[in-house]
Amino acid sequence: MVTNLDKLGTVAEDSIWIVGAARSGKTARLVEQFCIWSRTVKTEPAARVSARGHSGRWRAGQTAPAILVLAANGDNRLELADRIAVATQGKYAFHSTTPFGFFEQEVLLFWPLLVESLDLRAQFPRRLQPETELELATRLWRRELDEGILQQTGVSPNRMVRRTLDLLQLAAVSGTPREEIKSILEQGFAVSGSSNNLWASTGELLDRWREWCLKRGFLTYGIVCELYWRDLLPNPTYQQHLASRYQAVIADDVDDYPAISRHLFDRMLAYGAAGAFSYNQDGGVRLGLGADTEYLAGLASRCTRVEILEARSGLAPEIGELALSLAVNSEGFYPLGLSLPGSVRSLETTSRAQLLRETAEIIVDAVKSKAVEPQEIAVIAPGMDAIARYSLTEILARDGIAAVSLNDQRPLSTAPEIRALLTLLALVYPGLGRLVDRDAVAEMLVILGSQKQREVVETEDSHPQNFHLKSQIPNPQSIDPVRAGLIADHCFCPDLDRPQLLAITAFPRWDRVGHRASEAYEQIVEWIELQRSQQQERLLPSPIALLDRAIQKFLMNDRYLAYDRLAALRELMETAAHYWEIHGRMQRVEPTNGGESETIARFIQLLRQGTVTANPFPVRPQGPAARAVTLANIFQYRSSRRAHKWHFWLDAGSPLWLSGGAATLFGAPLFVRSQLGHPWQTEDEETADQQRLRRILVDLLSRCSLLYLCHSELAVNGQEQTGPLLPLINSSVSCQQSV
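Everything numeric here is computed off the predicted structure, so don't read it as measured data.

**Here's the deal with the overall build of the chain**
- A tally of helices and strands in the chain yields 26 helices and 19 strands.
- By residue count, 53% of the 739 residues in the chain fall in the buried class.
- Of the contacts formed within the chain by residues at least 6 apart in sequence, a portion of 79% connects residues at least 24 apart.
- Total accessible area on the chain is roughly 33100 Å²; 50% of this is exposed by carbon and sulfur atoms.

**With respect to the sheet that holds strand 11 (residues 377–381)**
- Judged by pairing direction, the sheet is parallel, and its six strands sit side by side in the order 10-19-18-11-17-12 without closing on themselves. Either end of the sheet is taken by a strand with one partner, and the two such strands are strand 10 (344–349) and strand 12 (402–405). Pairs of neighbouring strands in the sheet enclose a mean axial angle of 20 degrees, with direction left out of account.
- Across four bridges, the pairing between strand 12 and strand 17 (residues 628–633) is parallel. Directly across from A402, in strand 17, lies its bridge partner A628.

**Let's talk about unusual backbone geometry**
- The phi angle at K370 is positive, at roughly 65 degrees, despite the residue not being glycine.
- Judged by relative accessible area, which is 66%, K370 ranks as exposed.
- Non-glycine residue D651 carries a positive phi angle of around 55 degrees.
- Assignment of secondary structure puts D651 in the loop between strand 18 (646–649) and helix 25 (682–701).

**A closer look at helix 9 (residues 196–216)**
- Between the first and last C-alpha of helix 9 there are 31 Å, a value that for 21 residues agrees with the 30 Å anticipated at 1.5 Å per step.
- Just downstream of helix 9 lies G217, where phi reads positive at about 75 degrees.

**Some remarks on the pairing of strand 11**
- Counting buried residues in strand 11 gives five out of five residues, a clear majority hidden from the surface.
- The two faces of strand 11 match: I377, V379 and A381 on one face and A378 and I380 on the other face are all buried.
- Across four bridges, strand 11 lies against strand 18 in parallel orientation. Among the inter-strand pairings, I380 is bridged to a residue of strand 18, identified as W649.
- As judged from the four bridges shared by strand 11 and strand 17, these two strands associate in the parallel manner. Paired with A378 across the two strands is T630, which belongs to strand 17.

**Looking at the side chain of S518**
- Counting through the fold element by element, S518 comes out in helix 20 (residues 515–536).
- Residue S518 is classed as buried on the basis of its relative accessible area, which comes to 7%.
- Here the side chain of S518 touches G514 through a polar contact of 2.7 Å, landing on its backbone oxygen.
- If we skip the residues at most four places from it in the chain, S518 touches I504, W510 and V513.

**Focus: the side chain of Q123**
- Looking at the secondary structure, you find Q123 in the loop between helix 4 (111–118) and strand 5 (126–127).
- Classification of Q123 as buried rests on a relative accessible area of 14%.
- Of the polar contacts made by the side chain of Q123, one reaches the backbone oxygen of K215; its length is 2.9 Å.
- Setting aside its immediate chain neighbours within four residues, Q123 contacts W111, L214, K215, R216, G217 and R585.

**Section: helix 25**
- Over its 20 residues, helix 25 extends 29 Å from the first C-alpha to the last, a length consistent with the 28 Å expected when each residue adds 1.5 Å.
- Of the residues making up helix 25, those classed as buried are A688, D689, R692, L693, R695, I696, L697, V698, D699, L700 and L701.
- Looking at the buried side of helix 25, the elements it contacts are helix 14 (316–327), strand 11, helix 24 (634–640), strand 18 and strand 19 (706–712).

**Considering the nonpolar core**
- By size, the foremost hydrophobic cluster in this structure holds 85 residues, and its most contacted members are W17, F102, W141, W209, F265 and F277.
- Residue contacts for W209: discarding those within four places in its chain leaves L128, E133, L136, A137, L140, W141, L165, L168, T220 and I223.
- Core analysis: the next-biggest nonpolar cluster, separate from the first, contains 60 residues, Y429, A550, I551 and I600 among them.

**With respect to the pattern of salt bridges**
- Under the definition given, this model contains 43 salt bridges.
- Measuring nitrogen to oxygen at the nearest pair gives 2.5 Å for the salt bridge that ties D256 to R641. In this pair, D256 is assigned in the loop between strand 7 (248–251) and helix 12 (259–270) and R641 in the loop between helix 24 and strand 18, connecting sequence segments 385 residues apart. Each member of the pair, D256 together with R641, is buried.
- A salt bridge links D651 to R352, with the shortest nitrogen-to-oxygen separation between them at 2.9 Å. Remark: R352 occurs in helix 15 (residues 352–368) and D651 occurs in the loop between strand 18 and helix 25; sequence separation between them is 299 residues. We note that D651, like R352, is buried.
- Residues joined by salt bridges that share partners form a network here, namely R178, E179, D207, R210, E226 and R230.

What counts and what doesn't
- Residues numbered from 1 in each chain as written.
- Predicted model: local features only at pLDDT ≥ 70, side-chain atom pairs only at ≥ 80, totals over all residues.
- Heavy atoms only, no water.
- Helix = DSSP H or I, 4+ residues; strand = E, 2+ residues; numbered from the N terminus.
- Buried < 20%, exposed > 50% of the residue type's maximum accessible area, 1.4 Å probe, protein only.
- Contact = heavy atoms within 4.5 Å.
- Areas by Shrake-Rupley, 256 points an atom, 1.4 Å probe, with all protein chains shown as cover.
- Pairing = 2+ DSSP bridges.
- Axes fitted to C-alpha atoms, helices over the stretch in contact; angles between N-to-C directions.
- Expected span 1.5 Å × (residues − 1).
- Polar contact = N/O pair within 3.5 Å; in protein donor to acceptor, adjacent residues only side chain to side chain.
- Core = buried A, V, L, I, M, F, W, Y, C linked by side-chain atoms within 4.5 Å.
- Salt bridge = Lys/Arg side-chain N within 4 Å of Asp/Glu carboxyl O.

The structure is reproduced here in structure tokens:
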């Protein structure tokens, strides 16, 4: 369906606004539009400039139009870029990124303009990762934290710092001047009784933080976005470059973009670029995390055509309205006689432990019977906690079914390999003895002492060239937990400066450990001593080099690591590299007397306190991980925009379905463009929850063709579950019983 819009104001030529539900073909339509534009090359001379201040739609002589392709997040960007490359057979160049990725690269690319206009120090900027940002801001605001100036009842100091930094980010992505943060908070929380002194201090602290960062060439998410919309985008020189570089923009899922993305699009369209935008009114996954769905919807008025894709997929056409009626509009009641189709099934238990076990058993039976493949199954919960993740993974693994967690946002320190490597750092470098204890050493010995061997299997043809690698299977652990505990008890010598691992013979009954465990332990001790001597002789370049050596020696040498373990190691190395890069700049700008060991100690403590590090560059799983059951919370799953044949909605009776499993940033509703200057009240919160639940149900139902509602009467804490999906669960149970 195509309709023409009245040309109110400036309507961009050839621009298209594509509206549709999940899986309705919006992305495919954008790919089609890219193919159309990529074949459109005008023949006017490149120097010919139109009256509107730009050259012909495409430059003469260029093999492909300069098209900016945007997606909501990194994973979606990879998929969209692949689809375009396949559709065009890789013949046309384009620039693919995310909204924030674009803002960051533009700020870095045009940094000299900002240096000149803002009178900054001429140095190449470095962006701070969230964990480093948190640490540096905590150090900068230490006095305010100690004196209780930056404090809220029931909020830890770390959380308070994170909240304050998030306010700068929310203001930046919404296009709100930093100076207005104080008044917005005062107006927004006017009915909550919060202290105005806190909001005044917040504004002052953010000003100081921004000035501190820019003086040292540090950029954060919030500072990047503010610099872009407030200083770079209005710059005439930058506008000329922007107009000459891009003649078209394709943006997928703009319902998840921050408000300042519209500033960019408006500017590009005003300078004659064509635009194609896809929008899902039931999307808005990142609402509360910086997205402004309603404000981006205003882009429709800038487009000459609106295409409405009527297609609906999954279970949404069949039960979408009924599910909404039961869960969103029923207020706990549901009419008798409702009939749900057989594609919606219910699994009810008393305890959650029983629910996890029976859910896994249904999946195993379905896979064994060939009713569905593992990669066609998704288990989705409002909060995929460690208990559920471990239980499901272990039960499925017993039957050879892999499970993979989608964008698992857990602290690095939850991975035993990471904890072992941190302990290793403390054993090699001096002055870190207080960070090592007996239990940490025992765990390190178990992780580093585990060895795996290759199983070589002979084929029908016994020629040596036809021997092939069948698999990598574990030997019994060289150092199991019991042996590791015995060794740590007798061979670990604590010391504040130089904790040591003594020879195995320091244990009077070392023969009880066994030959293999003794040999593995001695190899670890010898390796640590070698690294120590090289560190003393300054032959060990950096802690990053030590981590890399340890990974290659103990974790990657002749062994198979699961995809999530590899991802954790990548996160560690990227986090460490960033941490020492920032430390190096700090030492050049503000030299301190603290040595290398002090920096390592801060790094270890940063990770051990549970800081969630930035995700590594997205890499798609291969091998077993590509044929695995997906485990995800609601937010992660909706962000990925995936679809699976079978859905298992775990903890369907939980009240957390109202929040969608994602924590809204503190104060986020106050920075939505339509809410600016208005107080946030209880009624607003209830309305927002209901709207979020509606979007969740419509979106998820569009991504599956068979649904299991998995509900336990009691939650993990033993309390009765009374969530908004109970009417839907009860209706499903009634239908099953009647059958």
